[in-house]
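Summary of structural features
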Amino acid sequence: MFTKKTIIILTFVVCVLSACSYNEQPPKTDDASTNYVIPAGEVPTDEEYAYVQALRDAYDEEVGN
């Protein structure tokens, strides 16, 4: 009937012929959203704003502006 070598070769050929191909683009879907919601963001408090301004002032002094 079939020898061990023939079975291995046939198995290899079937695996090669049925191998998946690489697709560079992802599959398209019908439920893809096009309406993006932009986050509202946060307004910094007066303390946070003063802290950032102090850091900017210290940087400007070091750089010499």
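Everything numeric in this text was worked out from a predicted model, so none of it was measured. (Residues numbered from 1 in each chain as written. Predicted model: local features only at pLDDT ≥ 70, side-chain atom pairs only at ≥ 80, totals over all residues. Heavy atoms only, no water.)

**A short note on the overall build of the chain**
Definition in use: Under the DSSP-based scheme used, a helix requires at least four consecutive residues in state H or I and a strand at least two consecutive residues in state E, with every element numbered from the N terminus. When a residue's accessible area, from a 1.4 Å probe over protein chains only, is under 20% of the maximum for its type it is buried; when over 50% it is exposed; and in between it is partly exposed. Using a 1.4 Å probe, accessible areas were evaluated by the Shrake-Rupley method; residue-level cover was limited to the displayed protein chains.
Looking only at helices and strands, the chain features 2 helices and 0 strands. The burial tally for the chain puts 0% of its 65 residues in the buried class. Roughly 7200 Å² of accessible area belongs to the chain as shown, and the carbon and sulfur atoms make up 60% of that amount.

**Points about the environment of E48**
For the record, the criterion: Whenever a nitrogen or oxygen atom comes within 3.5 Å of another N or O atom, the pair is scored as a polar contact, on the condition that within protein one atom can donate a hydrogen and the other can accept it, and that pairs from neighbouring residues in sequence are kept only if both atoms are in side chains.
Residue position: E48 is located in helix α2 (residues 46–63). Within the structure, the side chain of E48 is placed 3.0 Å from the backbone nitrogen of T45, a separation counted as a polar contact.

**Brief notes about α2**
Here is the rule: Expected span of a helix, by definition, is 1.5 Å for each gap between consecutive residues, and there is one gap fewer than residues.
Taking 1.5 Å as the rise per residue, α2 with 18 residues should run 26 Å; its terminal C-alpha atoms sit 26 Å apart, in good agreement. Phi turns positive one or two residues past the end of α2, at G64, with a value near 100°.

**Brief notes about a negative patch on the surface**
Here is the rule we go by: Grouping into patches uses exposed residues only, defined as over 30% relative accessible area, and leaves out salt-bridged ones; the cut-off is 9 Å for like charges and 5 Å for nonpolar side chains (Val, Leu, Ile, Met, Phe, Trp, Tyr). In the sections that follow, a salt bridge refers to a side-chain nitrogen of Lys or Arg positioned within 4 Å of a carboxyl oxygen of Asp or Glu. Charged residues are defined here as Lys and Arg on the positive side and Asp and Glu on the negative side; His and the ends of the chain fall outside this count. Lys charges are placed at NZ, Arg charges at CZ, Asp charges at CG and Glu charges at CD.
Side chains of E42, D46, E47 and E48 sit close together on the surface and give a patch of like negative charge. Inspection of the secondary structure assignment puts D46 in helix α2.

**Observations concerning a nonpolar patch on the surface**
A cluster of nonpolar residues, I9, F12, V13 and V16, forms a patch on the protein surface that exposes about 380 Å² of accessible area. By the element assignment, V16 lies in helix α1 (residues 4–17). Look at V16 and you get partly exposed, because its relative accessible area is 49%.

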